[in-house]
Structures are given as structure tokens and as C-alpha cells.
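One letter stands for each residue in the lines below.
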Amino acid sequence: MALLMIDLDNTLVDRDAAFREAAAAVLAEHGLPAGDLAWLTALDASGCTPRREVARAMAQRYGSSCPETAVQAFLDHGAAERVTLTEDVRRALGEAVAAGWTCVVVTNGREAQQETKIRRTGLDTLVHGWVVSETVGHEKPAPEIFRIAADTVAAPLDGAWMIGDSPHADVLGAAGVGARSVWVSGDRPWTETAYGPTHVAPDAAAAVRHVVGAPRGPAPAAIPSAIRRSVNSPKPNTS
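Residues numbered from 1 in each chain as written. Predicted model: local features only at pLDDT ≥ 70, side-chain atom pairs only at ≥ 80, totals over all residues. Heavy atoms only, no water.

**A look at the pattern of salt bridges**
Side chains that carry opposite charge are capable of pairing whenever their charged atoms lie near each other.
Okay, so step 1: One pass over the full model with this rule turns up 15 salt bridges.
Okay, so step 2: Between Asp-76 and Arg-110 there is a salt bridge whose closest N-O contact spans 3.0 Å. Placement of the pair is Asp-76 in helix H4 (residues 68–78) and Arg-110 in the loop between strand S2 (101–107) and helix H6 (111–120), with a sequence separation of 34 residues.
Okay, so step 3: Accessibility expressed as a relative area gives 24% for Asp-76, which makes it partly exposed.
Okay, so step 4: Classification of Arg-110 by relative accessible area gives partly exposed; the value is 22%.
Okay, so step 5: The salt bridge partner of Asp-88 is Arg-209, with a shortest N-O separation of 2.8 Å. One end of the pair, Asp-88, is in helix H5 (residues 87–98); the other, Arg-209, is in helix H10 (residues 204–213), and 121 residues separate them in sequence.
Okay, so step 6: For Asp-88, a relative accessible area of 31% translates into the label partly exposed.
Okay, so step 7: Using a relative accessible area of 31% as the deciding quantity, one classes Arg-209 as partly exposed.
Okay, so step 8: In this structure, a network of salt bridges that share partners links the residues Arg-15, Asp-16, Asp-44 and Arg-51. (Salt bridge = Lys/Arg side-chain N within 4 Å of Asp/Glu carboxyl O. Helix = DSSP H or I, 4+ residues; strand = E, 2+ residues; numbered from the N terminus. Buried < 20%, exposed > 50% of the residue type's maximum accessible area, 1.4 Å probe, protein only.)

Set out below in C-alpha cells:
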């Protein structure tokens, strides 16, 4: 079976929307300014800011108005317990499996949070497996995490595809192991000049359907050594 690797946050699920919802709830619960939602969202940076830094910034800003336990609960569970899976994505994954694709989620982040998202959305019943960076000790775009993902579902990387919203973690990471990629743009323009995705799609469902309909064939040629070096310089994601 051919291998389809798919990112979780802001690809399969709208992690940023869930974070904003959780942030609005914690502000309201503790009587904090609703206008601080923009500050919290910027501070979070789509999960790229280390959680300890977010917690420290919130403590400095709110003090006893938002206790440490509330901050920690918000960061540990807020977004994870609010993510949803759209019916269109659910159907697209079903179509991929029916077409003979082995689907595995490949995500950076903390094990407890990411597995909560996978199980609460029902993704655990739709894909063949998942790999979380904290669990395996490697973050995208490092080649090791993609190799572990392939081993997890006993599928070869030759002919594999990677779908994700991050140019660095997902598209460059895919290139590093000779896989094709679909960049989930969310209507953003592609700005990288050193590398690019095989295909661009507006959302995860469209991305999955492109892969299902694409010809299956040999993997692309290896990427240049300069790009390969940048694969080994991961950007943190702690969502």
C-alpha cells in the first residue's frame, strides 16, 4: 500500500481556531479584557512559542487574576479539547483508505496534547497510525520522524506523499526523504525560493483528494545538499 503522511495542526484540524476559542474562554472566565485575545494569539504564534514562555508572559501580564493552575490547564487542554474534524476531511480520508493508501499522522508537539486531538476527533479510527515528535525524539523536518512514520505502519517511503501547512516542517521535510508533498495553503502565497511543493491545495480535503487522484510512480530525485542541510535545522512547535 502507498504511504500518505499528513500533518495534524492547521492541516487535518484547525488548531489555531481551537486555540482562539480556548483563549477567549479563559479571558472571560477570569474577567480579563476580551481585547487581549489578539495579544494571546500573537504570543502563541500558532503553537511555535514554547509553552513555558507563553505561561511566563501570561503570569507577568495577569498575575493573580489568572492563577498558574488556570494558565497551565488552558495551555495543556484548552485547544486540544476544542479541535474538530470537518466532515469533508473525514470523507476524504475514507476515500484515501478505500483507494489503498496507508494514512499516518505525522505531527510535531507534545504527546498528551496531540493524542488527545487525534482521539477526540475520531482520527484514531480513520488513519492507520500516528507519530508525535515528543514521543519519538525527532521533529519535522528531520528525516528520522518520516522514516519512523513509515516504519510505524510498515509502508515504504518510496512513492510516499506528505500533506501539511508548514513549508519548512512539511514540504521541506518531505523533500528530505524523497517524498512528494501537498502544501495546504489556506490561501497564503508560496514565498520560498529554494524549494517548493509538488502541489498546492487550499485545504486538507482537497489535498488528500489530489493525492488519491495523482498517478503513482517513482519518487522524485534527491534534493540538493544545501536544502538537505536546512532540513536538519527544525523550527520548534510546541502546540
